[in-house]
Amino acid sequence: MRYLFLVTAISMATTGSVLAEGAALLLGNEDYDALSDVRRSDEVTLAAGAFEDLNFDVTALRDGSASDMSDAMAFFETATQQADQLLVVLAGRFVHSSTETYFLATDSRPGTLSKTGLTSIPLSQVLTLLEQAPGKAILALGSDDLSGEFSTFLDYGLGDFDIPQGVTVITGA
C-alpha cells in the first residue's frame, strides 16, 4: 500500500504521448528536527529514476530544509514552462489554517503563522503551477494521521483546499 499512490501517479502521468516532456517534483520529508517524524516519507524520492526514464525533468529532495525546498520549487517552476505533463509528490508533515495548507520543511517548528509560511510550501503555490496543464497534472500528498493543534491558527493535517479544474489530487499514507 505504501507505493500505491506513486504507482497511480506514474500510470496517470504517462497517459497520452510517452514522448511528451514532463516535469516532476518529488519531496519526501521523514526526519524533522523539532516535530514528530513521518515514517518512510522520504522513500518517494526513490521514484526519480523511473520518471527520468519517462522523459520527465525531475527535481527530487529528501528531508529538505526550508531553503532547500524553496530552491526545489524554483527549479520545478522553471521546468513547468517547458512541460506538457506535471507531477508533484509531497510526503511528510502538513499543517493547515482555515484558508491554506502548508507542507513543512524538516527545520519547521511550531510558532506563528507567519513563521510557518517561511518554512513551508503552501499548497496554493503548487496548485497554481499544476493548473497550467489541465488534464495532465497530478498532486500526490502523503502523510500520517496526526491531528490536533500545531500552533495558534494552525492544526496538523491536510485542510480544505480548492483543486483547480483538470488537476488530479491523490492522498494517502
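Preceding this section is the structure that the text describes.
If you're wondering where the values come from, they're calculated on a predicted model, not measured in any experiment.

### What about the overall build of the chain?
Part 1 of the reasoning: When helices and strands are tallied, the chain shows five helices and ten strands.
Part 2 of the reasoning: For the chain, the proportion of its 173 residues judged to be buried stands at 50%.
Part 3 of the reasoning: When contacts within the chain are restricted to residue pairs at least 6 apart in sequence, those whose partners lie at least 24 apart make up 73%.
Part 4 of the reasoning: When the accessible area of the chain is evaluated, it comes to approximately 8,400 Å², of which 50% is carbon and sulfur surface.

### Section: the nonpolar core
Part 1 of the reasoning: Leu27, Leu90 and Leu130 are the most contacted members of the largest nonpolar core, which totals 37 residues.
Part 2 of the reasoning: Listed by contribution, the elements that provide at least two residues to this core are strand S1 (22-28), helix H3 (66-80), strand S3 (85-91), strand S4 (94-96), strand S5 (101-104), helix H5 (123-130), strand S7 (137-142) and strand S9 (154-156).
Part 3 of the reasoning: Considering every element that reaches this core, the biggest residue donor is H3, with six residues.
Part 4 of the reasoning: Non-local contacts of Leu27, meaning those with residues more than four positions away in its chain, are made with Val44, Leu61, Met69, Ala72, Val89, Leu90, Ala91, Phe103 and Ile121.

### Things to note about the pairing of S3
Part 1 of the reasoning: Taken across its seven residues, S3 has seven buried, putting it largely inside the fold.
Part 2 of the reasoning: By the alternation rule, side chains of S3 split into Gln85, Leu87, Val89 and Ala91 and Leu86, Val88 and Leu90, which are all buried.
Part 3 of the reasoning: Alignment of S1 against S3, held across seven bridges, turns out to be parallel. Its bridge partner being in S3, Gly28 is matched across the sheet by Ala91.

### What to know about the sheet that holds S9
Part 1 of the reasoning: The strand order across the open sheet built from five strands is S6-S5-S4-S9-S8, with neighbouring strands paired in antiparallel fashion. Lying at the two open borders of the sheet, with one neighbouring strand each, are strand S6 (120-122) and strand S8 (149-151). Strand-to-strand twist of the sheet, defined as the mean angle between neighbouring strand axes without regard to direction, takes the value 35°.
Part 2 of the reasoning: Examined bridge by bridge, S8 and S9 share two bridges and lie antiparallel to one another.

Cut-offs and rules
Sequence order as written defines residue numbering, which begins from 1 separately in each chain. Totals for whole chains, interfaces and linings use every residue, but because this is a predicted model, local features are given only for residues with pLDDT of at least 70 and side-chain atom pairs only at 80 or more, for both listing and counting. In computing side-chain values, all of the structure's heavy atoms are included and hydrogens and water are not. Helix and strand definitions follow DSSP, with helices as H or I runs of at least four residues and strands as E runs of at least two, each counted in order from the N terminus. When a residue's accessible area, from a 1.4 Å probe over protein chains only, is under 20% of the maximum for its type it is buried; when over 50% it is exposed; and in between it is partly exposed. Residue contacts follow a heavy-atom distance rule, with two residues in contact if any of their heavy atoms lie within 4.5 Å. Methods summary: accessible areas were calculated by the Shrake-Rupley approach with a probe of 1.4 Å, and residue burial reflects only the protein chains presented. As used in this record, nonpolar core signifies buried Ala, Val, Leu, Ile, Met, Phe, Trp, Tyr and Cys residues forming a set joined through side-chain atoms within 4.5 Å. Note on pairing: DSSP must find at least two bridges between two strands before they are called paired. Between the N-to-C directions of two axes lies an angle of 0 to 180 degrees, each axis being a line fitted to C-alpha atoms and, for a helix, fitted only over the stretch in contact.

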